[in-house]
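# Chains, contacts and geometry: an overview
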Amino acid sequence: MLNRIKLLLSITGLFLLTVGVNPALAKAKAAQPTPTGVQTSYAMEALGTSIDGYWATDTASWDWMYTNGCSFCTGDPSCNCFYSDSTGGSGLFQVNAINQYTTMVWTQELDYTTYSAILSGSPPDACYAASGEGQMEDIQGSTANSLQYSTTGLLCVTPDGQNQTYTGSYVITGGTGLYENYQGSGNIGHAIYGRLPSQVISQIQYTGNYVPPIPTPSSEPTPSPWTDVATPTP
Amino acid sequence: MKVRSKVAAGTIAMALAAMISGGRPALAQSSKPSILASAPPTYLIAARGFSVDGSFNNTLSGCSFCTNLSYCGCFTTDADNGGSGFFQFSNSAQTPLTWTIELDYNSDPANEILTTDSDAICIPTSGFGTGSELSGRKVNTFDFETTGLICDTANNFGTFTGSYIMDGGTGNYSNATGSGSLTIGIAANESETGLFENQIQFTGNLAQ
């Protein structure tokens, strides 16, 4: 009987060790210490679909008045931009590749000027240096946590002449809720299906990482518990 | 009876420990992503591959999108002849992938973008390719177009940084749309064969 109990305990212990549970008295090895001065960084991935994207430009009236349709150029008819968002579309947000997906509401504007056209690899299709900004809003239950970002990259017409893809990178410029004061960056891949004249379908993907705000060191000196302890003598 | 109770208690304890520590029951279903109500479901996809026989074609012919033969070039590569490929759809298990891609560029000096290294340039690039996912006996293919930048690195390697848009398919992906990022790393040519080892990676999403 005693041997059976010992056997059962041994098997249980082996199993717990296999799945990663440390014995209570084991040294804390599982929680790898973060190197001093290095902030924890989280991988993030997000994706979305937009069904109501549209192109805009700055339009001139009477040669002196402009309707500025794009945010980053004013009074410049060579300026074009593409707006898209998740209204009617979709958005998913995931942290660390193992957590549950959460719903993401997103919006983005990409601006470029036709002066910057360079030939793509499938002439006469063109590529344009593009800049823009956007927001990812991660909705976790009743709370919404947003990340604002700026992006730069290259917007190109695909070889079939109908679609566009944007290859860029982004840097987080602000955040709210859980993501207040977060920093981060990553890649954006944005495909724009140009088959519908008025409502353009597009898909976006973000991969990257973000870092929580670095805690501000306290101005008060940290009291040392060892101050009054006499050095033990052998 | 006592032994049976202890076995039952041990089993429950092990199951609890496995769940707490992140181990998942083998038959547990993968989590379905939640989406906004009116949107078609989209799924994460990831694919990667290795090629041993990528080649540059600067012979002024043989590239699909050349209009100015004086400055035409392309890089073609695939998973044949000892290469490899893996495809993963959502949280599903990885499946083998065969793939092929052609990247075209116009090397007119006016089209070259200088980098900080005097011998290294970037050129806008466009291309297309096909991926064939081998799912058991079934083969599902997806076609894609891609644009981006192909660049020299400072040590004679090359990289392509681009995005892709799906452009048709067969099998499970006959009605799929998708897009994402596509990168290729091209090793320096250290042999006399004129072939370049390279690795490809797709990340993105797919809607069915």
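The rules we used
Position numbers for residues count from 1 along each chain, tracking the sequence in the order it is written. Written order decides the labels, with chains lettered from A and ligands numbered from 1. For a predicted model such as this one, the threshold for reporting local features is a pLDDT of at least 70, and the threshold for listing and counting side-chain atom pairs is 80 or more; totals across whole chains, interfaces and linings nevertheless cover every residue. In this description a helix means any DSSP run of H or I spanning at least four residues, a strand means any run of E spanning at least two, and both kinds are numbered starting from the N terminus. Around each residue's C-beta, the other C-beta atoms within 10 Å are counted; 20 or more make the residue buried, 12 or fewer make it exposed, and counts in between make it partly exposed. All C-beta atoms are placed from the backbone. Any residue pair is listed as a contact if its two C-beta atoms, each placed from the backbone, are within 7 Å. A residue's pLDDT is the confidence the predictor assigns to it, expressed on a 0 to 100 scale. Only strands that DSSP links by at least two bridges are regarded as paired with each other. Put simply, a nonpolar core is buried Ala, Val, Leu, Ile, Met, Phe, Trp, Tyr and Cys residues tied into one set by C-beta atoms within 7 Å.

### Some points on the overall build of chain A
The helix and strand tally for chain A stands at one helix and 12 strands. Of the regular secondary structure in chain A, the N- to C-terminal order runs α-β-β-β-β-β-β-β-β-β-β-β-β. Each of the 234 residues in chain A was classed as buried or not, and the buried ones make up 36%. Within chain A, contacts between residues at least 6 apart in sequence are counted, and of these 55% link residues at least 24 apart.

### Examining the overall build of chain B
Helix and strand counts for chain B stand at one helix and 10 strands. Going residue by residue from the N terminus, the α and β elements of chain B occur as α-β-β-β-β-β-β-β-β-β-β. Buried residues in chain B amount to 40% of all 208 residues. Taking all contacts inside chain B whose residues are at least 6 apart in sequence as the whole, residues at least 24 apart take part in 58%.

### Side note on the confidence of the model for chain B
Of the residues in chain B, 79% have a pLDDT of 70 or more, and the chain-wide mean is 81. Element-level mean pLDDT values for chain B span from 54 in helix α1 (residues 2-20) of chain B up to 95 in strand β4 (residues 95-106) of chain B.

### Let's talk about the pairing of β4 of chain B
Residues and elements named next belong to chain B. The pairing of strand β2 (residues 72-78) with β4 spans seven bridges and is classified as antiparallel. Residue pairing in the sheet places Thr-76 in a bridge with Glu-102 of β4. Pairing of strand β3 (residues 84-89) with β4 involves two bridges; the strand directions are antiparallel. Across the sheet, residue Phe-87 finds its bridge partner in β4, namely Thr-95. The turn joining β3 and β4, which pair antiparallel and follow one another in sequence, is formed by five residues; a positive phi near 50° is taken by Ser-90. Two strands pair when backbone bridges link them, and β4 and strand β6 (residues 121-135) are joined in this way by nine bridges, in the antiparallel orientation. Following the sheet pairing, Tyr-105 is matched in β6 by Thr-125.

### A closer look at the nonpolar core
All names here are of chain A. Ala-46 and Leu-155 are the most contacted members of the largest nonpolar core, which totals 78 residues. Ranked by the residues each element gives to this core, the list is headed by strand β9 (residues 143-157), at six residues. When neighbours within four sequence positions are excluded, Leu-155 is seen to be in contact with Leu-110, Tyr-112, Cys-127, Tyr-128, Ala-130, Gln-164 and Tyr-166.

### So, the pairing of strand β8 (residues 126-140) of chain A
The side chains of a regular strand alternate between both faces of the sheet. Residues and elements named next belong to chain A. For strand β6 (residues 102-113) and β8, the ladder comprises 10 bridges, and the chain directions are antiparallel. Of the residues in β8, the one forming a bridge with Glu-109 is Glu-133. Hairpin connection of strand β7 (residues 118-119) to β8: six residues between the antiparallel strands. In terms of strand pairing, β8 meets β9 through 14 bridges, oriented antiparallel. Along β9, the bridge assignment pairs Gln-140 with Thr-143. Turn length for the β8-β9 hairpin, with the two strands adjacent in sequence and antiparallel, is two residues, and the turn residue Gly-141 shows positive phi of about 65°.

### Side note on unusual backbone geometry
Omega for the peptide link from Pro-123 of chain A to Pro-124 of chain A comes to 5°, which places this bond in the cis form. One non-glycine residue, Asn-81 of chain B, adopts positive backbone phi at about 60°. Looking at the element boundaries, Asn-81 of chain B is found in the loop between β2 and β3. Taking the number of C-beta atoms within 10 Å as the measure of exposure, Asn-81 of chain B has 9 and is therefore exposed. One non-glycine residue with positive phi stands out, namely Asn-156 of chain B, at about 70°.

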